[in-house]
Amino acid sequence: MCLADAPAPVFALVSAPETTSSAQVAASQAVNLELPADVANFDYTDKTTDLWDRVRAGYAIPDLENQLVANQLAWYGTRTEYILRTVQRGSRYLYHVVEELEKRGMPTELALLPFIESAFNPQAISTAKATGMWQFMAATGRDFNLKQTMFKDDRRSVLDSTDAALNYLEKLYGMFGDWQLALAAYNWGEGSVQRAIKKQQALGLPIDFQSLSVHMPNETKNYLPKLQAVKNIIGNPEQFNLALPKLDNQPYFVSVEKTRDIDVRVAAQLAELPMDEFTALNPQFSRPVIAGGSNTKILLPTDNAALFKENLNKWQGPLSSWSAHTVQKTERVEALATKLGLKPEVVREVNFIPAKMMVKAGSTLLVPKSSKTPDHDISLEIAEKAQLVIEKNSTRQVSYKVSKHDNLAGIAKRFRVSVAELKSWNQLKRDSVANGQTLRIQTPVVTQVNQTSILASTHRGSSPKIVRHTATPTRNGKTIVANLKATRFK
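Keep in mind that this is a model prediction, so the values were computed, not measured. (Residues numbered from 1 in each chain as written. Predicted model: local features only at pLDDT ≥ 70, side-chain atom pairs only at ≥ 80, totals over all residues. Heavy atoms only, no water.)

Trainee: Which residues make up the environment of Pro344, and what values do they have?
Mentor: Within the secondary structure, Pro344 is located in helix α18 (residues 344-351). On the basis of relative accessibility, which here comes to 24%, the residue Pro344 falls in the partly exposed class. C-alpha separation for the pair Pro344 and Glu334, spaced ten residues apart in sequence, amounts to 5.2 Å. (Helix = DSSP H or I, 4+ residues; strand = E, 2+ residues; numbered from the N terminus. Buried < 20%, exposed > 50% of the residue type's maximum accessible area, 1.4 Å probe, protein only.)

Below, the structure is given as structure tokens:
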């Protein structure tokens, strides 16, 4: 896929409520977020080595030489600014990827694969809905234990998606015994590569990547040539008049375990990080609160992790301003908001619910903590399983003749509307109706159902680019994600 920077929707962090309860203060003082013991004592024996040298030393996939590689070299070779932007973005993640590859004994040029997949953008979303730095489809992500709930999408997680991608690549190499074919399968699907191999074998023809490419779609034909082109440029940047920035051979980030809910805004503030930098390291969180148990990790630059711990010990305010609400029956957002004592626009914005949509029974909504919501952490079960299901709501007007046993509450329940709506539609000043009276009722008609696992990031300020391309779906599986428009939260 030929990736280029494209305008991206902006998803901004919802401002948390400013109220502070005594219970929240007490909770914040009792919080325990664990830092690795060696945060302040990192000692690497070879800090002077440029990470690029380490990448080059581990090249192990046979080189590909053909016209497609030459074409890709010509394309990349005239776009040094694009390469440098991608390198700058990927510099946060590259050490971790190289470390993981070396632990597994895998070729280190695979660390350059996100260059091709997403331009090292963990927020990247393809037109086929492949997501994250390694571009996992929803179903394939679930096959490799990448959880996708309303609170987070592990396909965007730096740690989890890298682990899943390398597991997948190892599996593919085990199937084909050839890294070039494994890469073709990563892009095209293992079933497609297996069928192409059978066709070649039936004709008595070779089954290497170049021979099989006659059966491949253009995207896959160019997939390995693109990686080869980037590999060549990183291997000999001077030949392309490119001055690569030096990358230190040491971790850019460490992981911090959390045991309590914490707002994204508060976590970034305690770490003394700009919101866009915090989001670049923690792109998997889809809501303004980081929920879940101690297995939920926050990534921070090493120095900022120490600042985080120091500032946390001094923190006197609430850590989390949000609670979860389970919807008991399918309702309009306006009715739900009234019950919770909130403005409908607040409920819509933080949950990314478009206008004219109803929320299905069993859905989970994120709501600000208030006197009508519980003042405790979101349960681990909700954090790991929560989904939001919405229905497109249209209405039609019907007339209803009141019988002598009717009352407003019963009529409202029958038509799934509120008493207040009945009174408004019929200009009633009292909560009573007369036998034989005719009421006008706007009754809902459900016409469409969407299940949403929100893709939006929740950060304030400039957002990463969302990479969009017109490629054929690269991994099988149906996405459950609704294509919602971006909303900027005030």
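Trainee: Outline the nonpolar core, listing residues and values.
Mentor: Counting residues in hydrophobic clusters, the biggest one holds 67 residues, and the most contacted among them are Tyr76, Phe115, Trp134, Phe136, Leu169, Leu183 and Tyr186. Grouped together as the second largest cluster of nonpolar side chains are 21 residues, Val254, Phe278, Ile298 and Trp315 included. (Core = buried A, V, L, I, M, F, W, Y, C linked by side-chain atoms within 4.5 Å.)

Trainee: Mind laying out helix α16 (residues 302-314), listing which residues take part and the relevant values?
Mentor: Helix length check: α16, at 13 residues, gives a terminal C-alpha distance of 19 Å against a target of 18 Å (1.5 Å per residue), a fit within 8%. Residues Thr302, Asn304, Ala305, Phe308, Asn311 and Leu312 constitute the buried set of α16. Of the surrounding elements, those touching the buried residues of α16 are β1 (253-257), β2 (262-263), α14 (264-271) and β4 (297-301). (Expected span 1.5 Å × (residues − 1). Contact = heavy atoms within 4.5 Å.)

Trainee: Please give an account of the pattern of salt bridges that cites residues and values.
Mentor: Following the criterion strictly, the structure yields 23 salt bridges and no others. Measuring nitrogen to oxygen at the nearest pair gives 2.9 Å for the salt bridge that ties Glu277 to Arg92. Of this pair, Glu277 sits in helix α15 (residues 275-281) while Arg92 sits in the loop between α4 (80-90) and α5 (94-104), and the two are 185 residues apart along the sequence. This pair shows no difference in class: Glu277 is buried, exactly as Arg92 is. Between Glu100 and Lys103 there is a salt bridge; the shortest N-O distance is 3.2 Å. Of this pair, Glu100 and Lys103 are both found in helix α5, three residues apart, which corresponds to roughly one turn of the helix. (Salt bridge = Lys/Arg side-chain N within 4 Å of Asp/Glu carboxyl O.)

Trainee: I'd like a description of the packing of aromatic side chains, backed by residues and values.
Mentor: In total, this model carries nine aromatic pairs according to the counting rule given. Ring centres 6.4 Å apart and planes at 80 degrees place the aromatic pair Tyr82 and Phe115 in the edge-to-face group. In this pair, Tyr82 is assigned in helix α4 and Phe115 in helix α6 (residues 113-117), connecting sequence segments 33 residues apart. For Phe115, a relative accessible area of 3% translates into the label buried. Note on Phe144 and Tyr168: the rings are 4.9 Å apart at their centroids and 45 degrees apart in plane angle, and the pair reads as tilted. Of this pair, Phe144 sits in the loop between α7 (138-143) and α8 (158-176) while Tyr168 sits in helix α8; the two residues are 24 residues apart in sequence, bridging distant segments of the chain. Look at Tyr168 and you get buried, because its relative accessible area is 4%. One aromatic cluster in this structure is built from Trp75, Tyr76, Tyr82 and Phe115. Directly above the aromatic system of Tyr59 lies the positively charged group of Lys231, at a separation of 5.1 Å from the ring centroid. (Phe/Tyr/Trp six-rings, centres within 6.5 Å; stacked < 30°, edge-to-face > 60°. Lys NZ or Arg CZ within 6 Å of the ring centre and 35° of its normal.)

Trainee: If you had to explain the packing of α14 against α16 to someone new, which residues and values would you point to?
Mentor: Closest axis-to-axis distance for the α14/α16 pair is 7 Å, and the angle between their directions is 105 degrees. Classified by the angle their axes make, α14 and α16 are roughly perpendicular. Residues Ala267, Leu270 and Ala271 of α14 lie in contact with α16, whose contacting residues are Asn304, Leu307, Phe308, Asn311 and Leu312. Looking at the contact of α14 with α16 residue by residue, the classes come out as six nonpolar, two polar and no charged. (Axes fitted to C-alpha atoms, helices over the stretch in contact; angles between N-to-C directions. Parallel < 35°, antiparallel > 145°, perpendicular 65-115°, else oblique. Nonpolar A, V, L, I, M, F, W, Y, C, P; charged D, E, K, R; others polar.)

Trainee: Talk me through unusual backbone geometry; I want residue IDs and the actual numbers.
Mentor: Within the chain, Gln135 stands out as a residue other than glycine whose phi angle is a positive 55 degrees. Tracing the backbone shows Gln135 in the loop between α6 and α7. Even without being a glycine, Phe352 presents a positive backbone phi close to 55 degrees. Mapped onto the secondary structure, Phe352 falls in the loop between α18 and β7 (357-359). The exposure class assigned to Phe352 is buried, which follows from its relative accessible area of 7%.

Trainee: If you had to explain the side chain of Asp153 to someone new, which residues and values would you point to?
Mentor: Mapping Asp153 onto the fold places it in the loop between α7 and α8. Engagement of the side chain of Asp153 in a polar contact is seen with the side chain of Arg155, the distance being 2.8 Å. (Polar contact = N/O pair within 3.5 Å; in protein donor to acceptor, adjacent residues only side chain to side chain.)

Trainee: Any chance you could break down helix α10 (residues 190-202) for me, citing the residues and the numbers?
Mentor: Over its 13 residues, α10 extends 18 Å from the first C-alpha to the last, a length consistent with the 18 Å expected when each residue adds 1.5 Å. The set of residues buried in α10 consists of Ser192, Val193, Ala196, Ile197 and Gln200. Projection of α10 onto a plane perpendicular to its axis shows the buried side chains occupying an angular sector of 135 degrees, all on one side. Facing away from the buried side of α10 by over 90 degrees, the exposed positions are Arg195, Lys198 and Ala202. The elements touched by buried residues of α10 are α8, α9 (179-188) and α11 (209-212). (Arc of directions from axis to C-beta.)

Trainee: Describe the pairing of strand β8 (residues 364-368), with residues and values.
Mentor: By the criterion of burial, β8 is predominantly enclosed, with five of the five residues buried. A two-sided burial pattern is seen for β8, the buried positions comprising Thr364, Leu366 and Pro368 on one face and Leu365 and Val367 on the other. Bridge analysis of strand β5 (residues 322-326) against β8 gives five bridges, and the strand direction is antiparallel. In the sheet register, His325 faces β8, and the bridge partner there is Leu365. (Pairing = 2+ DSSP bridges.)

Trainee: Before we move on, could you go through the confidence of the model for the protein and cite the residues and values that matter?
Mentor: Confidence in the prediction of the protein, expressed as mean pLDDT, is 82, and 79% of residues score 70 or more. Taken together, the stretch residues 36-45 has pLDDT below 50 and engages in twelve contacts with residues farther than four places along the chain or on a different chain. Taken as a whole, residues 447-490 scores under 50 in pLDDT and shows 159 contacts with residues more than four places along the chain or in a different chain. (pLDDT = per-residue confidence, 0-100.)

Trainee: Tell me about the environment of Pro107, and name the residues and values.
Mentor: If you trace the backbone, Pro107 turns up in the loop between α5 and α6. Remark: the alpha-carbon pair of Pro107 and Ala60, spanning 47 residues in sequence, is separated by 5.0 Å.

Trainee: Mind laying out the packing of α8 against α9, listing which residues take part and the relevant values?
Mentor: Packing of α8 against α9 brings their axes to within 8 Å, and their N-to-C directions diverge by 125 degrees. Of the possible angle classes, the one that applies to α8 and α9 is oblique. The hand of the α8/α9 crossing is right-handed. Packed against α8, whose contacting residues are Ala165, Tyr168, Leu169, Leu172, Tyr173 and Phe176, the element α9 presents Trp179, Leu181, Ala182, Leu183, Ala185 and Tyr186 at the interface. Counted by class, the contact of α8 with α9 contains twelve nonpolar, no polar and no charged residues. (Left-handed = near helix turned anticlockwise from the far one by under 90°.)

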